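Coordinate analysis (summary)
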Amino acid sequence: MAKGNRNNNKNRNRRSDYGGGNQQKRFTEQVKDCTYKDGITVKELAEKINKSPAEIIKFLFMMDKMVTINASLDDETIQLIAMQYNIEITKEEEVDVNSLEDTEEDNPEDLEPRAPIVTIMGHVDHGKTTLLDNIRKTHVTEAEFGGITQHIGAYQVEVKGQKVTFLDTPGHEAFTAMRARGAKMTDIVVIVVAADDGVMPQTKEAIDHSRAAGVPMIVAVNKIDKHNANVDKVYSELADYDLMPEEWGGSTMFAKLSAKNGIGISELLEMILLQAEMMELKANPNKMATGTVVEAKLDKGRGPVATLLVQNGTLRTGDMVVAGTCIGRIRKMTDDKGMEIKSAKPSTPVEIIGLDSVPEAGDHFKAFENERLARKIADERNQQKIEAERRTTAAMSLDDLAAQIKEGNIQDLNIIVKADVNGSAEAVKSSMEKINVDGVRVNVIRATAGAISESDIMLASASNAIIYGFNVRPTAAIKKVAEENGVSIRLHNIIYKALEELEMMMKGMLAPVYEEVVTGQATVKQTFKVSKVGTIAGCMVDDGVIKRTSSCRLIRDGVVIYTGNIGSLQRFKDNAKEVSAGYECGLTIEKFNDIKEGDIIEAFESQEVKEA
């Protein structure tokens with residue numbers, strides 16, 4: 001009987017090792033088949049096949065494989081375990097979450113002609129928006145601050161019964177990244193060059209972006225009606241960039257026009273249609289849509305709003321869409337004129353509502369029939385983004401440390417950028433980080449679209465940052481929170497002014513530069529040694545002024561013996577703040593007593609040098 005009890009106790013103890021009888025029962029249940037993902041650990045596999053991790057570790061140990069509970073298993077080892085327990089185990093197909101681009105090859109029979117996507121590029125104030133304005137017969141320019149385009153716009157127009165989609169990209173160099181995205185989602189680029197100004201830095205950048213994307217270019221020489229217009233000069237300058245006009249025997253189409261007066265615009269449109277016809281642009285409208293996020297913002301009343309450019313397939317109201325790391329079902333879709341539509345075919349720009357957050361401009365989007373798959377892809381993309389940010393943060397801190405060691409002490413100016421749309425936030429961040437003032441570095445710790453929030457104030461307070469608002473205004477409540485936390489909010493509508501102000505601020509916070517100024521010299525005539533005081537030097541001030549607060553050097557035979565501070569200064573028996581030339585004084589030097597007759601004591605101060 002006693003033996004039986006002992007066996008029962010042993011069994012009970014065994015069960016407790018695995019977490020109790022219920023868990024032991026679970027481990028003994030036979031699993032017939034299961035699936036696994038790449039990188040599965042011993043613990044995760046044990047849970048899938050209803051075995052204890054200890055059992056698997058023991059089995060692998062017997063097979064001369066040393067593993068721990070959190071060790072990742074390779075495919076060969078997993079198949080070995082499956083054979084041991086007579087389980088069918090298959091590897092899950094990995095979903096490619098790195099790209100939402102359309103990689104599926106379309107059947108040529110399914111392809112239909114589509115509208116060309118045209119990007120208008122060029123230097124700031126060369127007339128890009130005015131040109132598009134004339135084409136659309138609207139007034140886009142008037143809505144922009146200072147008449148300068150601050151966002152990407154996507155518009156569709158009809159030319160001789162054929163649709164053409166235009167992307168209007170900002171011309172200022174601050175928006176290089178936005179313009180680069182424009183080139184990647186376009187079929188034809190129109191390079192606008194002012195006839196009175198010629199080729200400028202952003203003109204060159206636009207040409208480079210177009211070439212990098214392998215996109216054909218049409219040159220629009222604008223402002224030909226101006227008295228100082230010089231078309232031949234523009235032709236010659238562009239020829240240096242291998243853009244040779246057809247009339248000079250080259251292959252690049254050149255259109256001479258005046259966007260303001262409507263001269264030559266019809267000829268430009270004909271060139272666009274001719275170029276598009278030669279390219280034979282086609283897409284498959286009979287599939288789920290893919291494309292690019294042109295712009296995105298957080299609307300107070302409607303939530304996240306994104307402008308999408310459909311590049312293949314057809315996008316429909318009610319579709320489940322993944323854009324970057326965002327996901328949502330399209331609740332409402334409007335065209336570029338604000339009209340609600342139910343579907344959008346290739347080359348159509350649309351504004352959609354329904355995403356759970358604001359995607360980044362330039363993100364790819366894809367529509368899915370399977371909501372579960374869409375959510376899985378969005379979750380995995382989001383996880384990858386978080387991990388990438390963690391890696392980046394860690395790498396940056398190490399790089400910063402190395403740079404600080406190399407360059408000396410660097411002051412960081414922390415900035416939080418809030419803008420009305422993501423594209424502007426990104427452009428402002430990029431421009432601010434390019435400001436180069438020796439000794440001070442801009443560190444943009446957050447750059448997002450939307451109103452200035454209490455969360456931004458808290459972050460600014462914790463990181464000692466300044467908030468820059470671009471086309472946004474804080475509420476009275478937010479202003480109060482900012483004041484209570486001592487956070488500075490700077491508000492701007494035009495990027496140049498924000499950058500100028502920031503540069504001035506950075507120059508102001510640089511460590512002041514000091515230069516040494518000698519204020520006076522005195523000759524030691526006598527010395528007195530006093531206990532608890534040290535050596536007192538009886539001096540005659542030969543030149544300038546000896547001040548009680550000055551630093552000093554003791555010079556003997558033309559050689560500096562010691563540099564320190566004046567400890568005390570007396571005139572007769574009274575303490576003195578300063579003693580001028582021609583008068584006698586008694587003084588001590590802090591922490592120095594080896595003063596001899598005939599020594600020269602030179603008093604000096606450091607004075608700040610003001611920046612020019």
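These numbers were taken from a predicted model, which means no experiment stands behind them.

This brings us to the overall build of the protein chain. The helix and strand tally for the protein chain stands at 16 helices and 30 strands. For the protein chain, with 612 residues in total, the buried portion stands at 45%. Excluding contacts between residues fewer than 6 apart, the proportion of contacts in the protein chain whose partners are at least 24 apart in sequence is 70%. Here the protein chain has roughly 32,900 Å² of accessible surface; of this, 48% comes from carbon and sulfur atoms.

Time to look at the environment of Ala-276. When you line up the elements, Ala-276 lands in helix α11 (residues 265–279). When the C-alpha positions of Ala-276 and Pro-116 are compared, they lie 6.0 Å apart, and in sequence the two are 160 residues distant. Look past the residues within four positions of Ala-276 in its chain and what remains in contact with it is Pro-116, Ile-188 and Leu-281.

This part covers the pattern of salt bridges. Between side chains of opposite charge, a pair can form as their charged atoms come close. Summed over the entire model, instances satisfying the criterion amount to 19 salt bridges. Salt-bridge contacts for Asp-75 lead to Lys-91; the nearest nitrogen and oxygen are separated by 3.3 Å. On the criterion of sequence distance, the pair formed by Asp-75 in helix α5 (residues 75–84) and Lys-91 in strand β2 (residues 88–91) is long-range, its members being 16 residues apart. One salt bridge in this structure joins Asp-594 and Arg-556, with 3.7 Å as the shortest N-O distance. Within this pair, whereas Asp-594 is found in the loop between β29 (584–589) and β30 (600–609), its partner Arg-556 is found in strand β25 (residues 551–556), the two being separated by 38 residues in sequence. Here Asp-594 falls in the partly exposed class, since its relative accessible area comes to 38%. The class of Arg-556 is buried, set by a relative accessible area of 18%.

Moving on: the confidence of the model for the protein chain. Of the residues in the protein chain, 82% have a pLDDT of 70 or more, and the chain-wide mean is 80. A low-confidence stretch, residues 1–28 stays under pLDDT 50, and its non-local contacts, those more than four residues away or across chains, total 13 contacts.

Even without a glycine there, the phi angle at Asn-50 is positive, about 55°. Along the chain, Asn-50 turns up in the loop between α3 (42–48) and α4 (53–62). The exposure class assigned to Asn-50 is buried, which follows from its relative accessible area of 13%.

On the surface, Phe-61, Met-62, Met-63 and Met-66 cluster together into a nonpolar patch covering about 490 Å² of accessible area. Here Met-62 lies in helix α4.

Moving on, we come to the environment of Gly-250. Inspection of the secondary structure puts Gly-250 in the loop between α10 (231–239) and β9 (253–256). The class for Gly-250 is partly exposed, based on a relative accessible area of 24%. Once the C-alpha coordinates of Gly-250 and Ala-239 are considered, the two residues, 11 residues apart in sequence, prove to be 8.9 Å apart. In contact with Gly-250, other than residues within four places in its own chain, are Met-244 and Pro-245.

Listed in full, the buried residues belonging to α10 are Val-231, Val-234, Tyr-235, Leu-238 and Ala-239. Seen along its axis, α10 keeps its buried residues to an arc of 135°; they face one direction. Check the buried side of α10 and you find it contacts β7 (188–194), α9 (201–212), β8 (217–222) and β9.

It is worth spelling out the state of the cysteines at this point. Applying the stated criterion across every chain yields a total of 0 disulfides. This cysteine, Cys-539, is not joined by any disulfide, and Cys-585 carries the nearest cysteine sulfur, 5.0 Å off. Owing to a relative accessible area of 2%, Cys-539 belongs among the buried residues under this scheme. Free cysteine Cys-552: the closest other cysteine sulfur is in Cys-539, separated by 9.9 Å. On the basis of relative accessible area, Cys-552 is assigned to the buried category, the value being 0%.

Taken N-terminus to C-terminus, the directions of helix α6 (residues 128–136) and α11 make an angle of 90°; their axes are 11 Å apart at the nearest point. Of the possible angle classes, the one that applies to α6 and α11 is roughly perpendicular. On the side of α6, the interface is formed by Leu-131, Asn-134 and Ile-135, while α11 contributes Ile-265, Leu-268 and Leu-269. Here the contact of α6 with α11 is built from residues that sort into 5 nonpolar, 1 polar and no charged.

Two numbers describe how helix α14 (residues 454–463) lies on helix α15 (residues 476–484): the axes approach to 10 Å, and their chain directions differ by 15°. As the angle between them shows, α14 and α15 are arranged roughly parallel. Handedness of the crossing formed by α14 with α15: right-handed. Packed against α14, whose contacting residues are Glu-454, Ile-457 and Met-458, the element α15 presents Ile-478, Val-481 and Ala-482 at the interface.

Now for the side chain of Glu-295. Within the secondary structure layout, Glu-295 lies in strand β11 (residues 290–299). From its side chain, Glu-295 meets the backbone nitrogen of Gly-423 in a polar contact 3.3 Å long.

Our focus in this paragraph is the pairing of strand β6 (residues 162–168). In terms of burial, β6 is largely enclosed, as 5 of its 7 residues are buried. Where strand β4 (residues 117–122) and β6 come together, 4 bridges link them in parallel fashion. Bridge pairing in β6 links Ile-120 to Asp-168.

Thresholds applied
- Residues numbered from 1 in each chain as written.
- Predicted model: local features only at pLDDT ≥ 70, side-chain atom pairs only at ≥ 80, totals over all residues.
- Heavy atoms only, no water.
- Helix = DSSP H or I, 4+ residues; strand = E, 2+ residues; numbered from the N terminus.
- Buried < 20%, exposed > 50% of the residue type's maximum accessible area, 1.4 Å probe, protein only.
- Contact = heavy atoms within 4.5 Å.
- Areas by Shrake-Rupley, 256 points an atom, 1.4 Å probe, with all protein chains shown as cover.
- Salt bridge = Lys/Arg side-chain N within 4 Å of Asp/Glu carboxyl O.
- pLDDT = per-residue confidence, 0-100.
- Patch = residues over 30% accessible without salt bridge, like charges linked within 9 Å, V, L, I, M, F, W, Y side chains within 5 Å.
- Arc of directions from axis to C-beta.
- Disulfide = S-S within 2.5 Å.
- Axes fitted to C-alpha atoms, helices over the stretch in contact; angles between N-to-C directions.
- Parallel < 35°, antiparallel > 145°, perpendicular 65-115°, else oblique.
- Nonpolar A, V, L, I, M, F, W, Y, C, P; charged D, E, K, R; others polar.
- Left-handed = near helix turned anticlockwise from the far one by under 90°.
- Polar contact = N/O pair within 3.5 Å; in protein donor to acceptor, adjacent residues only side chain to side chain.
- Pairing = 2+ DSSP bridges.

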